[in-house]
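An overview of the molecular structure
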Amino acid sequence: MTRKKNNTTDKKKTTIGKNILRVGIIVLVFAVAIVGTFIVTDRCTHNTESTGEPQFITVTVLGDKIRLEDGTTVDLEGLKTYLDTIREKGELSTVALITDTAEPADTVLYNKVVELLSKYGIECKEMENFPASSDEATKDER
């Protein structure tokens, strides 16, 4: 009669090894899930933060006209309405006020725009009454 030897230590080692492998895989899966959650959350919050970035608004005074950044031409009252709309959205941050040398700004209109912007908390320097072109400049001013 032959007896089979049951090697219980080999079975225990195999069972312990399988359990350690299972626990290791579970820990790895949870670690990947947690890191992935942080990455997705960071991406989502980054996108919402970028929508809150300040909007730069360009206002150009061309002669006796005011041109907005989208190319529309408005008067002083139209500019006030435009700025009110942007302020209600909470996007009024920075305004670039430009006067074009090809079509120099009317000083009175330019200064009225500066005064209007100051009501919105945007400080600009008023324009002194310079001649509109070099043709109108005196010899001392050239």
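Residues numbered from 1 in each chain as written. Predicted model: local features only at pLDDT ≥ 70, side-chain atom pairs only at ≥ 80, totals over all residues. Heavy atoms only, no water.

**A few points about the nonpolar core**
Core analysis: the largest hydrophobic core is formed by 19 residues, its most contacted members being Val59, Val61, Leu79, Leu97, Val113 and Leu117. When residues of this core are traced back to their parent elements, those giving at least two are strand S1 (55-62), strand S2 (65-68), helix H2 (76-89), strand S4 (92-99) and helix H3 (107-119). Ranked by the residues each element gives to this core, the list is headed by H3, at six residues. In this view, Leu97 contacts Val59, Val61, Tyr110, Val113, Val114, Leu117 and Cys124; residues no more than four positions away in its chain are not counted. (Core = buried A, V, L, I, M, F, W, Y, C linked by side-chain atoms within 4.5 Å. Buried < 20%, exposed > 50% of the residue type's maximum accessible area, 1.4 Å probe, protein only. Helix = DSSP H or I, 4+ residues; strand = E, 2+ residues; numbered from the N terminus. Contact = heavy atoms within 4.5 Å.)

**Details of the confidence of the model for the protein chain**
Averaged over every residue, the pLDDT of the protein chain is 76; residues scoring 70 or more account for 72%. When mean pLDDT is compared element by element in the protein chain, strand S3 (residues 73-74) scores highest at 90, while S4 scores lowest at 76. (pLDDT = per-residue confidence, 0-100.)

**Describing the environment of Val113**
As for its placement among the helices and strands, Val113 is situated in helix H3. Apart from residues lying up to four places away in sequence, Val113 is in contact with Val61, Ile66, Leu76, Leu79 and Leu97.

**Regarding the pairing of S2**
The side-chain alternation of S2 yields one buried face, formed by Ile66 and Leu68, and one unburied face, formed by Lys65 and Arg67. Sheet analysis places S2 next to S3, joined by two bridges and oriented antiparallel. Counterpart to Arg67 in the pairing with S3 is Thr73. Hairpin geometry of S2 and S3 is characterised by an intervening segment of four residues between the two adjacent antiparallel strands and by a positive phi of about 95° at Gly71. (Pairing = 2+ DSSP bridges.)

**Points about the pattern of salt bridges**
A full pass over the atoms with the stated rule returns one salt bridge. The salt bridge involving Asp84 is made with Lys80; its shortest N-O contact spans 3.3 Å. Note that Asp84 and Lys80 are positioned in helix H2 at a spacing of four residues, about one turn of the helix. Taking relative accessible area as the criterion, Asp84 reaches 25% and is therefore assigned partly exposed. We classify Lys80 as partly exposed; its relative accessible area is 32%. (Salt bridge = Lys/Arg side-chain N within 4 Å of Asp/Glu carboxyl O.)

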